[in-house]
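Understanding the architecture of this molecule
The chain contents come next:
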Amino acid sequence: MRIKPGANTYGKNAVNLSRIIRHEDYHEFRQVSVSVALTGDFDTAHTVGDNALILPTDTQKNTVYALAREHFTGPIEAFGLTLSQHFLSRNPQVSQVRVELVEHLWQRMAFDGAAHPHAFTGGGSEKRTTVVTRTAAGTTVVSGLKGLMLLKTTDSAFVGYPKDEFTVLPETTDRILATECEASWEYTSAGLDFEVLHHRIRQSLLRTFSEHKSLSVQHTLYAIGEKILQENDEVKEISLIMPNKHHIPFNLEPFGMANTNEIFVATDAPFGYITGTVTREE
Ligand SMILES: O=c1[nH]c(=O)c2[nH]c(=O)[nH]c2[nH]1
């Protein structure tokens, strides 16, 4: 029996990069975590320990910081495109470069309506994401967001599901709908205005979530994906992850009180885990 290497990749993960963009009278601040993964002709590294074709992950990490100086000034997608182009063009043994960027979002402070020139708030759960994958045949850009907390206090129902001997869940026509949304969408091209598109798509996601008369998380997930595809020709397909962050009405009857859909217990686990992709027909 002959044994041979199967699929493999290597690279540097979690290259944490922060940068200041210094303007005369104000600063911008950006923070991103970059992960690089190379695919290519690395069989001899695995089989005989020959590193002749192995660009060290330490060099990959340094390249991220060095190219950031000139090239990390715009959207994360643009920086991912630059990095992937650099690694693919310089390394003939590499057939595919995957660069993932996760941006931590900082918001400028404002006082009495005036933006502060160099102080920010942040550390929130929402991140902006992109994965740029480049081969000689082409480049794909899959962008999105994660950690986006969404909640609405009405316009959410869950009824009409099958009941068996283990069903205790009461049907409800008015519940809290809450999720920590993760979305990723594939763009149709690598040459788009990713900054404008990101904000337009995010806004469309929020608006649909808020306006939708939800019959389930699944129903809302599809409505969000459908709206984003309808409004953005630049989006080929979108995948959403929407865990159901349950808020369960708390029973106040033992205390002689009625709970008129106002007092809930928020539970961490277990939680419903709803995922879906919305795509275009050929
Ligand atoms: O929106 C929902 N979808 C489900 O699949 C489900 N299952 C459940 O118990 N509650 C809910 N809510």
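These numbers come from a predicted model, not from an experiment. (Residues numbered from 1 in each chain as written. Predicted model: local features only at pLDDT ≥ 70, side-chain atom pairs only at ≥ 80, totals over all residues. Heavy atoms only, no water.)

With 27 residues, the main nonpolar core has Trp185, Tyr187, Leu205 and Leu240 as its most contacted residues. Once you skip the residues sitting within four places of it in the chain, Leu240 turns out to touch Cys181, Glu182, Ala183, Leu205, Leu221, Ile224, Gly225, Ile274, Thr275 and Gly276. Grouped together as the second largest cluster of nonpolar side chains are 22 residues, Val32, Val94, Val97 and Val99 included. (Core = buried A, V, L, I, M, F, W, Y, C linked by side-chain atoms within 4.5 Å. Buried < 20%, exposed > 50% of the residue type's maximum accessible area, 1.4 Å probe, protein only. Contact = heavy atoms within 4.5 Å.)

All chains considered together, the criterion is met by 13 salt bridges. The partner of Glu211 in a salt bridge is Arg207, and the shortest N-O contact between them spans 3.5 Å. With a gap of four residues between them, Glu211 and Arg207 both fall in helix 4 (residues 194-211), about one helical turn apart. Across the pair Lys227 and Glu231 runs a salt bridge whose closest N-O atoms are separated by 3.8 Å. Of this pair, Lys227 and Glu231 are both found in helix 5 (residues 217-231), four residues apart, which corresponds to roughly one turn of the helix. Within this structure, Glu77, Arg128 and Glu195 form a network of salt bridges that share partners. (Salt bridge = Lys/Arg side-chain N within 4 Å of Asp/Glu carboxyl O. Helix = DSSP H or I, 4+ residues; strand = E, 2+ residues; numbered from the N terminus.)

Together, Ile248, Phe250, Phe255, Met257, Ile263 and Val265 line one region of the surface with nonpolar side chains, adding up to about 540 Å² of accessible area. Considering the arrangement of structural elements, one finds Val265 in strand 11 (residues 264-266). (Patch = residues over 30% accessible without salt bridge, like charges linked within 9 Å, V, L, I, M, F, W, Y side chains within 5 Å. Areas by Shrake-Rupley, 256 points an atom, 1.4 Å probe, with all protein chains shown as cover.)

The tally for this structure, following the rule as stated, stands at seven aromatic pairs. With 5.0 Å between their ring centres and 85 degrees between their planes, Tyr10 and Phe42 make a pair best called edge-to-face. Placement of the pair is Tyr10 in the segment before strand 1 (15-22) and Phe42 in the loop between strand 2 (27-40) and helix 1 (43-48), with a sequence separation of 32 residues. Both residues of the pair, Tyr10 and Phe42, count as buried. Looking at Lys152, its charged tip hangs above the ring of Phe209, at a distance of 5.5 Å from the centre. In this structure, Lys163 is placed above the aromatic ring of Tyr161, and the distance from its NZ or CZ to the ring centre is 4.3 Å. (Phe/Tyr/Trp six-rings, centres within 6.5 Å; stacked < 30°, edge-to-face > 60°. Lys NZ or Arg CZ within 6 Å of the ring centre and 35° of its normal.)

This part is about the domain arrangement of the chain. By a widely used convention, the size of an interface equals the accessible area lost when the partners come together. One can read the domain layout of the chain as domain 1 (9-136) and domain 2 (148-279). Computed from C-alpha coordinates alone, the two centres of domain 1 and domain 2 are separated by 31 Å. Contacts between the two partners involve six residues from domain 1 and, on the opposite side, nine residues from domain 2. At the boundary of domain 1 with domain 2, total buried surface from both sides reaches about 710 Å², with 53% on carbon and sulfur atoms. For domain 1, the biggest contributors to the area lost against domain 2 are Glu77, Glu126 and Arg128; these three give 61% of the whole. Where domain 1 meets domain 2, there are three residue pairs in polar contact (both at pLDDT 80 or more). When its residues are assigned to classes, the side of domain 1 that touches domain 2 shows two nonpolar, one polar and three charged. (Domains from an automatic or database assignment. Buried area = accessible area lost by both parts, 1.4 Å probe. Polar contact = N/O pair within 3.5 Å; in protein donor to acceptor, adjacent residues only side chain to side chain. Nonpolar A, V, L, I, M, F, W, Y, C, P; charged D, E, K, R; others polar.)

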